[in-house]
Amino acid sequence: MRQWRAYSLTSDTDRADGCIAITVKAIPGGKVSNHLVRHATVGTIVQLDHAAGEFTLPAAAPAKILFLTAGSGITPVMGMLRNMAEDIDDVVVLHSAPTPDEVIFGGELRMLASRGRIRLIEKHTDTDGLLNTAELNELVSDLAERETWACGPTGMLDALEQHWNDNGMPERLHTERFRPTVVTAGDGGTVTFSKSATILDTPGDQTLLDAGEAAGVLMPSGCRMGICFGCVAPLRQGAVRDLRNGDITTAAPGDGVPDPNLRVRSSGHLRHRPLKELQ
């Protein structure tokens, strides 16, 4: 069974050998991450899709930047730091990890800080506790002036988005999530994947992507959150609920599918509920 995952490029784009690098953290129970970390060897063949995503620096970088990360959320940021133009010199990196030894890229981040390329703030949660949004202004006094890119656990990102919204600057925060935030679950129902003739019952809080993969259905995907459209498929009949906002999309025989307006994302942000038939 083929498994699809999205990983950030962490290598310098000007590598002389033309190779690329990703940084993978083995997640407990993670099929792909554990295979890559513990079993992949030289010569292993993997399939790659085109690079995609919006968690990137703009062509004209802002004057002041804050990277706010936790755990493996540092990986997409490291890709940006390694390729950052030399004239970008006001960069703060606020990173949380349990201990100093568990800071991914710790040595390189500290070297960049010693050279004056970044101002590094490390928060070691085993001794300091989890990052609290109330202390952000103490840690970064000019927070409101900085364009911020944040990546890490769902709870942290939810709190950051709330903080930026409450302070009237949501447009200054850019986030990258590893998993969707389930806002509204559906009732669950029976899903039919017509191409593989697979029929299964799914709970209302499970994404179509997770349900399909668990049943052995080939499910191409990129971000696993419903934002890259790598998993889009036509809804032929039934109704599905978007776990991100509760919106429901329906389709009935004779609607003229495939229709771009009736294509649903099976990834991360599962759309909708008792789904009758998905191609």
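Residues numbered from 1 in each chain as written. Predicted model: local features only at pLDDT ≥ 70, side-chain atom pairs only at ≥ 80, totals over all residues. Heavy atoms only, no water.

A. Region of interest: the sheet that holds strand β3 (residues 119-124). Taking strand neighbours across the sheet as the criterion, the five strands line up as β3-β2-β1-β4-β5 in an open arrangement whose pairing is parallel. In this open sheet, the two strands that pair with only one neighbour each are β3 and β5 (173-176). Mean inter-strand twist for the sheet, computed between neighbouring axes without regard to direction, equals 15 degrees. Bridge analysis of strand β4 (residues 147-151) against β5 gives four bridges, and the strand direction is parallel. Paired with cysteine 151 across the bridge in β5 is glutamate 176. Set on the sheet, helix α6 (residues 154-166) makes contact with β1 (65-70), β4 and β5; between it and β5 the angle comes to about 165 degrees. (Pairing = 2+ DSSP bridges. Helix = DSSP H or I, 4+ residues; strand = E, 2+ residues; numbered from the N terminus. Axes fitted to C-alpha atoms, helices over the stretch in contact; angles between N-to-C directions. Contact = heavy atoms within 4.5 Å.)

B. Representation of the nonpolar core within the structure. In terms of nonpolar packing, the biggest core is built from 21 residues, with Phe67, Leu81, Val91, Val93, Leu109 and Ile118 touching the most fellow members. Taken together, the elements giving at least two residues each to this core come down to β1, α2 (74-82), β2 (91-97), α3 (106-114) and β4. Per-element tally for this core: the top contributor is α2, with five residues. If we ignore the near neighbours within four places in the chain, the residues touching valine 93 are Phe67, Ile74, Leu81, Ile118, Arg119, Leu120 and Ile121. In this structure, Leu131, Val140, Trp164 and Leu173 belong to the second largest nonpolar core, which totals 17 residues. (Core = buried A, V, L, I, M, F, W, Y, C linked by side-chain atoms within 4.5 Å. Buried < 20%, exposed > 50% of the residue type's maximum accessible area, 1.4 Å probe, protein only.)

C. Seen up close, the pattern of salt bridges. A full pass over the atoms with the stated rule returns 12 salt bridges. Across the pair glutamate 86 and arginine 117 runs a salt bridge whose closest N-O atoms are separated by 4.0 Å. Residue glutamate 86 is found in the loop between α2 and β2, and its partner arginine 117 is found in the loop between α3 and β3; the two are separated by 31 residues along the sequence. Note on glutamate 86: relative accessible area 64%, which makes it exposed. Put simply, aspartate 158 and arginine 177 hold a salt bridge, and the shortest N to O gap is 2.7 Å. Highlighted residues: aspartate 158 in helix α6 and arginine 177 in the loop between β5 and β6 (189-193), separated in sequence by 19 residues. By relative accessible area, aspartate 158 is classed as partly exposed at 31%. (Salt bridge = Lys/Arg side-chain N within 4 Å of Asp/Glu carboxyl O.)

D. Structural context of the packing of α2 against α3. Viewed as axis vectors pointing N to C, α2 and α3 meet at an angle of 40 degrees, and their least axial separation amounts to 12 Å. Of the possible angle classes, the one that applies to α2 and α3 is oblique. At the point where α2 passes α3, the crossing takes the left-handed sense. Contact residues: Ile74, Met78, Leu81 and Arg82 in α2; Glu108, Leu109 and Leu112 in α3. Of the residues that constitute the contact of α2 with α3, the class distribution is five nonpolar, no polar and two charged. (Parallel < 35°, antiparallel > 145°, perpendicular 65-115°, else oblique. Left-handed = near helix turned anticlockwise from the far one by under 90°. Nonpolar A, V, L, I, M, F, W, Y, C, P; charged D, E, K, R; others polar.)

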